[in-house]
Amino acid sequence: MSTRAATAADLDAIMDLERTSFPTDAWSAAMMREELASPHGFYVVVEEAGRLVGYAGLRAVRGARDADVQTITISAAARGRGRGRALLTTLLDEAVARGVHDVFLEVRADNPVAQALYASEGFAEVGRRPRYYQPDDVDAIVMQLDLRGWAARRAEVSGGAAPGVAASDAPSASATSSPTGKGWC
């Protein structure tokens, strides 16, 4: 398994996986092409045996305090082996490097696997968007992550300093909430 930055040359493979994973609400190739080329985007792909099996994207305007996970998708055959988590942490590491404080995402209410992944990394539900995913009429759960707290917890677990987070900026353990619970991970 290898993870690398996505390029325009990956567009066809990304779109094949996009259409397979999101048959009713896939992005268009034009939208994805714009995302891959945007200076505000950060997209990565994961490959196995030279074949693209996943991709993920972050929108994080440099200098902004917040960012959005745009998508995380793993092919059905490659799910359940930690690839979604690896892509998510790659996106979050990039957000830390860009000085982001909070990361947001929307996840389908009918996707408990992705919801559990996000909650396990510290995302908490902050709202819902009724009937957001069309034409399926599925609600979006809006989730938020205190990125500085995430980075500090990650550094604590690994025994190192949190990259891009000053000790004075990291919330204390008592100030960090413990959450209970669009992407196919």
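So, a few notes on the structure that sits alongside this text. (Residues numbered from 1 in each chain as written. Predicted model: local features only at pLDDT ≥ 70, side-chain atom pairs only at ≥ 80, totals over all residues. Heavy atoms only, no water.)

**Let's talk about the overall build of the protein**
- If you tally the helices and strands in the protein, you get five helices and eight strands.
- Reading the protein from its N terminus to its C terminus gives the helix and strand order β-α-α-β-β-β-α-β-α-β-β-α-β.
- Within the protein, buried positions represent 44% of all 185 residues. (Helix = DSSP H or I, 4+ residues; strand = E, 2+ residues; numbered from the N terminus. Buried < 20%, exposed > 50% of the residue type's maximum accessible area, 1.4 Å probe, protein only.)

**Describing the packing of aromatic side chains**
- Within the structure shown, the criterion is met by two aromatic pairs.
- Between the aromatic rings of Tyr132 and Tyr133, the centroid separation amounts to 5.0 Å while the plane-to-plane angle is 85°, which identifies the pairing as edge-to-face.
- Classification of Tyr133 as buried rests on a relative accessible area of 4%. (Phe/Tyr/Trp six-rings, centres within 6.5 Å; stacked < 30°, edge-to-face > 60°.)

**Side note on the side chain of Thr89**
- Its place among the elements puts Thr89 in helix H3 (residues 83-97).
- Since its relative accessible area comes to 15%, Thr89 is described here as buried.
- Not counting residues up to four positions away in its chain, the partners in contact with Thr89 are Glu121, Trp150 and Arg154. (Contact = heavy atoms within 4.5 Å.)

**Focus on helix H2 (residues 29-37)**
- Within H2, burial applies to Met32, Glu35 and Leu36. Mapping the buried residues of H2 onto a view down its axis gives an arc of 95°, with all of them on the same face. Turned more than 90 degrees away from the buried face of H2 sit Glu34 and Ala37, all of them exposed.
- Residues of H2 that are buried in the fold lie against helix H1 (11-21), strand S2 (41-48), strand S3 (51-59) and strand S4 (66-74). (Arc of directions from axis to C-beta.)

**Here's the deal with the environment of Asp136**
- Mapped onto the elements of the fold, Asp136 is located in the loop between strand S6 (124-133) and strand S7 (138-146).
- In this structure the C-alpha to C-alpha distance between Asp136 and Thr24, which are 112 residues apart in sequence, comes to 7.4 Å.
- Within the local environment of Asp136, its side chain forms a polar contact with the side chain of Arg108, the two groups lying 3.3 Å apart. (Polar contact = N/O pair within 3.5 Å; in protein donor to acceptor, adjacent residues only side chain to side chain.)

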